[in-house]
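# Coordinate inspection notes
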Amino acid sequence: MSLLDEVTRIKQEALEQIGKADSAERLAEIQVKYLGRKGAITAVLKGLKDLSLDEKKTVGAAANKTKAALEQQIKDAIEAFSAAGEKTGFDPTLPGTRSRVGAIHIVNQVIDDICQIFHGMGFTIARGPDVETDYYNFEALNFAPDHPARDMQDTMFVEGDRLLRTHTTPVQARTLEKQQPPIKIITPGLCFRNEAISSRAHVAFHQVDGFLVDEGVTMADLKGALVAFCKAFFGEKLKLKFRPSFFPFTEPSAEVDISCFLCNGKGCQVCKQSGWLEILGCGMIHPNVLEKAEIDSEKYTGYAFGIGVERPAMLKYRINDIRLFFNNDIRFLRQFG
Ligand code: DAH
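Conventions adopted
Residues numbered from 1 in each chain as written. Predicted model: local features only at pLDDT ≥ 70, side-chain atom pairs only at ≥ 80, totals over all residues. Heavy atoms only, no water. Pairing = 2+ DSSP bridges. Helix = DSSP H or I, 4+ residues; strand = E, 2+ residues; numbered from the N terminus. Near = heavy atom within 4 Å. Polar contact = N/O pair within 3.5 Å; in protein donor to acceptor, adjacent residues only side chain to side chain. Areas by Shrake-Rupley, 256 points an atom, 1.4 Å probe, with all protein chains shown as cover. Nonpolar A, V, L, I, M, F, W, Y, C, P; charged D, E, K, R; others polar. Axes fitted to C-alpha atoms, helices over the stretch in contact; angles between N-to-C directions. Parallel < 35°, antiparallel > 145°, perpendicular 65-115°, else oblique. Left-handed = near helix turned anticlockwise from the far one by under 90°. Contact = heavy atoms within 4.5 Å. Buried < 20%, exposed > 50% of the residue type's maximum accessible area, 1.4 Å probe, protein only. Domains from an automatic or database assignment.

Side chains on a regular strand alternate between the two faces of the sheet. Inspection of the sheet shows strand S6 (residues 204–214) paired to strand S10 (residues 301–308) by eight bridges, in the antiparallel sense. Counterpart to Leu212 in the pairing with S10 is Tyr303. Across five bridges, strand S9 (residues 276–285) lies against S10 in antiparallel orientation. Pairing of Gly283 across the sheet is with Ala304, part of S10.

So, about the site of the ligand. His167, Thr169, Arg193, Gln207 and Asp209 are the nearest of the 15 residues found near the ligand. A distance of 2.9 Å separates an oxygen atom of the ligand from a polar side-chain atom of Arg193. A distance of 2.9 Å is found between an oxygen atom of the ligand and a side-chain nitrogen or oxygen belonging to Gln207. In isolation the ligand has 360 Å² of accessible area, and contact with the protein removes 92% of it. Within the residue set of the shell around the ligand, elements represented by two or more residues are S6, S9 and S10. Its residues assigned to classes, the shell around the ligand comprises five nonpolar, eight polar and two charged.

Each pair of packed helices can be summarised by the angle the axes make with each other and by the distance between the axes. Here helix H1 (residues 3–20) crosses helix H3 (residues 40–47) at 160°, and the two axes come no closer than 10 Å. One element, H1, and the other, H3, form an angle in the roughly antiparallel class. Note that H1 runs across H3; the crossing there is left-handed. Between H1 and H3, the residues in contact are Leu3, Val7 and Ile10 and Ala40, Ile41 and Val44, respectively. Tallied by class, residues from the contact of H1 with H3 come to six nonpolar, no polar and no charged.

This part covers the sheet that holds strand S3 (residues 156–157). A sheet is described by the order of its strands in space; here three strands give the open sequence S2-S4-S3, paired in antiparallel fashion. Of all strands in the sheet, those with a lone pairing partner are strand S2 (131–133) and S3, marking the two edges. Bridging between S3 and strand S4 (residues 162–164) involves two bridges; their strand directions are antiparallel. Bridge pairing links Phe157 to Leu163 in S4.

A separate point is the environment of Cys282. By the secondary structure assignment, Cys282 is in strand S9. Of the residues examined, Cys282 reaches a relative accessible area of 2% and is grouped as buried. For the pair Cys282 and Phe305, spaced 23 residues apart in the sequence, the C-alpha separation amounts to 3.9 Å. In this structure, Cys282 is in contact with Leu222, Leu226, Phe242, Phe247, Thr250, Pro252, Ser253, Ala254, Val256, Ala304 and Phe305, ignoring residues within four places of it in sequence.

Turning to the packing of helix H5 (residues 106–119) against helix H9 (residues 219–234), a few remarks are in order. Orientation of H5 relative to H9, taken along the N-to-C sense of each, is 135°, at an axis distance of 10 Å. Between H5 and H9, the crossing angle belongs to the class labelled oblique. Along this stretch, H5 crosses H9, giving a crossing that reads as right-handed. Every residue of H9 that contacts H5 at Val110, Asp113, Ile114, Ile117 and Phe118 is listed here: Phe229, Ala232 and Phe233. When grouped by side-chain class, the residues that make up the contact of H5 with H9 number seven nonpolar, no polar and one charged.

What follows concerns the sheet that holds strand S8 (residues 250–259). Read across the sheet, seven strands follow the order S1-S5-S6-S10-S9-S8-S7 without closing on themselves; strand pairing throughout is mixed. In this open sheet, the two edge strands, each paired with only one partner strand, are strand S1 (124–125) and strand S7 (240–247). The strands touched by helix H11 (residues 310–317) are S6, S9 and S10; relative to S9, the strand with the most contacts, the crossing angle is about 145°.

Let's shift gears to the domain arrangement of the protein chain. Under the domain assignment, the protein chain is made up of domain 1 (3–88) and domain 2 (106–336). Placing a centre on the C-alpha atoms of domain 1 and another on those of domain 2 gives a separation of 82 Å.

Residues of H11 that are buried include every one of Glu310, Pro312, Ala313, Met314 and Leu315, and no others. The elements touched by buried residues of H11 are H5, S6, H9, S9, S10 and helix H12 (324–327). Where H11 terminates, the next one or two residues include Arg318, which has phi positive at roughly 55°.

Spelled out as structure tokens, the structure:
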């Protein structure tokens, strides 16, 4: 290989390494390797003295040109690195940006709170399907086929005798069929009704039903459990009112109102000046419901209750539109994360 070719080869090799260099430090190394005192180009220049005059001219000119070109390339590349550093303003000592992790949805937080309170009273959780049969949603719960109470629950039918459950009470019927007393269960879950969607009503919502079946269970037990629950969930100072009501699956039936915890019963916008908030339905399990599940209603009695989730959540957290729970607007959800 002629010396001229050698200069060309060194130049190509150096340019290739400059192109691949990933830091200013690496470029400084390349500079030393080719242009330093013991560098490849320097060696060629040092050897010129042994060449013929002709060769000195051609090789000398090429080596000097290469030296100048490489110096410029390296200088430019080093500048490019420092400019990039200034532009990004990268400071490796700054703390990193924390990435947000997901949080439990506020509805599920409230369900967990409710379940936790009843768990403390010895209840365990049972679940059932969202798509129910007419039997468990209605018939097993003592709704006769033509019972007008079916109208109260604007049912969405799927096909045949299948429907979207309108309440979580069917899990009661399913559990009673499978287990023998004593039974102490709560049943959180999603329910569906064909309602006009508004700030106060939605087609999908959650409930937690609960029930206890054993020997000698009375309405006093029901009252004790619900008073304890409402105070734990809404606050100790609360007053409760048991108002007679009707459900096909309980007899007697009641609805529970709590004194408005926003105005302490004085009357405000939320309680519509009444001082009371309607919070749940309850009662003593109808003997027909026990008998359908082949539980001896002479020997056993039970109480049951059903609590909506969204409404108490709206009251507790002052949320004025039920649709916010389902819109998945991250600005809303983050307030509870
Ligand atoms: N299932 C009823 C509803 O959706 C609520 C209810 C009332 C549930 C009384 C119960 C109960 O378990 O005993 O309106």
